[in-house]
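# Survey of secondary and tertiary structure
As a plain string of letters, each chain reads:
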Amino acid sequence: MKCSESKLKLSLKRRGLLVCLALGGGLVSQACYFGEVTADFEVVSTLLEGQSFSNDELVLIEGQAMTLEYVVSRNGNEKTWKVIPIDPDSNVVDVHNATERNQFVVTGREPGNLEISFRVRDKRWYTRRKDRLQVTVLSRGDWEPSAESNGGAGGAGGAAP
Amino acid sequence: MRLFLAASACLGVTLLSACSGEVHQGTTGELGVGKFRHVCTASGDFVCADTFGEDDFNDEQRRLPDAVAVGSEFGIELLGKVGGSADRSSLLVEAVRRADEPYPQRFVIRQPAEAVFVASKSSGDVYDYVVVRAREAVAMQAVLEGEPLTELSLKVGESVILSAVPLDAAGASLGGALSYFWSVGDDSVVEREREHAVSPKNHGDGGDVRLTGVSPGRSWVRAKSGVLGVQVPVVVE
């Protein structure tokens, strides 16, 4: 092997090492900079009868609504990043933006079960995440008016379609 | 000075309704952004009973009642307008469950439930929403000038307007218009006259009736709605 070839190989090895170090350092510094991003759902409306909520499942009765706030934090600091709700095109559930930032109104239109999701993006650093929520809309169930009431077709509610 | 400040504060607050219990200011929505008012779509709705006989019984910013009667008809409107100065508009209130809105802007909840009614912007964003509870009516009460009535005394030629109010199991009044049928025992003693011809689907009478003493004697007046009813003895002197 000629001396010049050996120098070239060494130089290539050094360059590769430097690239690796740079990439590794970049990743470490990036990870340190971004820190841990967490997202939580919080119910901000009063729970109605039959409603329940955990961080990955929401249950409501048809005709009801629930207001959720999607809270994103990085290193424990709450962020006001843009959140986009995504609801499948269905008659079961709708998710609407509320006036308050990152608050969403989930409405149960018909009984059923489906998944909605919330996509969040930090514009500057392109941190992206998508959180899913299973929604179950329960039927109001069958109901018969009590004998002494007029809740049925008997007389009240002449506005039947 | 303190008195002056208190009076000024009260005057200011009065304008915002807190110093006067009589002023209706609507019901604040769940999101705390908008205010909603109850709309009486027909006369058989006790919420508007205090203005029976007036031309427009919806000309107030009425709060929503604690509950409406199952099967009754009612409306809800958002108070005020929304948007910038150039594009301020009134938002329509719609039922989340389509079956709760048999006709546009007229709502009927057909079983005990908590139903949500939403005011949405043209963008689809929710401006605010309210929850309406529907309870089963299990009793009925006759009311004269806002007070429950057990017996009615009239003079010959005197007229009063009597209302029927549905009650839930706890005895609380229920909003929303039901259909009523009014009758009197002896129309040679007391005469009934329908006060409002309007009722849900033009079916039956309104929730109130005008009674006039015709000649001295005893009779009764009865309101019926489905299997519910209330009967009040009438004495004409």
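Residues numbered from 1 in each chain as written. Chains lettered and ligands numbered in written order. Predicted model: local features only at pLDDT ≥ 70, side-chain atom pairs only at ≥ 80, totals over all residues. Heavy atoms only, no water.

Residue and element names in this part refer to chain A. A positive phi is found at Asn75, a non-glycine position, where the angle reads about 50°. Position of Asn75 relative to the elements: it lies in the loop between strand 4 (65–74) and strand 5 (77–79). Within the chain, Asn102 stands out as a residue other than glycine whose phi angle is a positive 60°. (Helix = DSSP H or I, 4+ residues; strand = E, 2+ residues; numbered from the N terminus.)

Turning our eyes to something else, we now look at the sheet that holds strand 5 (residues 93–95) of chain B. Here we have four strands laid out as an open sheet, ordered 3-8-7-5 (chain B), and mixed in their pairing. Of all the strands in the sheet, just strand 3 (68–69) and strand 5 of chain B have a single pairing partner and so form its edges. (Pairing = 2+ DSSP bridges.)

Residues and elements named next belong to chain B. Residue-level pLDDT values for chain B average 81, and 78% of them are 70 or greater. The low-confidence segment residues 51–57, where pLDDT is below 50, has 15 contacts with residues more than four positions distant or belonging to other chains. Here residues 197–203 is modelled with pLDDT under 50, and outside its nearest four sequence neighbours on either side it reaches 21 contacts, counting other chains as well. With a pTM of 0.78, the predicted complex shows an ipTM of 0.76. (pLDDT = per-residue confidence, 0-100. Contact = heavy atoms within 4.5 Å.)

In this assembly, 42 residues from chain B lie in contact with 38 residues from chain A. Contact between chain B and chain A buries roughly 3200 Å² in total, counting both sides, with carbon and sulfur atoms accounting for 51%. Summed over the shared surface of chain B and chain A, the number is two salt bridges. Linking chain B with chain A are nine residue pairs in polar contact (both at pLDDT 80 or more). Of all the elements in the fold, those that place two or more residues in the side of chain B that touches chain A are strand 7 (113–120) and strand 8 (126–135) of chain B. Counted by class, the side of chain B that touches chain A contains 23 nonpolar, seven polar and 12 charged residues. (Buried area = accessible area lost by both parts, 1.4 Å probe. Salt bridge = Lys/Arg side-chain N within 4 Å of Asp/Glu carboxyl O. Polar contact = N/O pair within 3.5 Å; in protein donor to acceptor, adjacent residues only side chain to side chain. Nonpolar A, V, L, I, M, F, W, Y, C, P; charged D, E, K, R; others polar.)

Okay, the pattern of salt bridges next. In this structure the tally under the stated criterion is 11 salt bridges over all chains. A salt bridge links A:Arg140 to B:Asp100; the nearest nitrogen and oxygen atoms lie 2.7 Å apart. Pair noted here: A:Arg140 is in the segment after strand 10 (127–138) and B:Asp100 is in the loop between strand 5 and strand 6 (107–108), and the two residues belong to different chains. Considered together, A:Arg140 and B:Asp100 belong to a single accessibility category, that of buried residues. Of the charged contacts in the structure, one is a salt bridge between B:Arg106 and B:Glu73, with a shortest N-O distance of 2.7 Å. One end of the pair, B:Arg106, is in the loop between strand 5 and strand 6; the other, B:Glu73, is in strand 4 (residues 73–78), and 33 residues separate them in sequence. For B:Glu73, a relative accessible area of 1% puts it in the buried group. By sharing partners, the salt bridges in this structure join A:Glu62, A:Arg140, B:Arg97 and B:Asp100 into a single network. (Buried < 20%, exposed > 50% of the residue type's maximum accessible area, 1.4 Å probe, protein only.)

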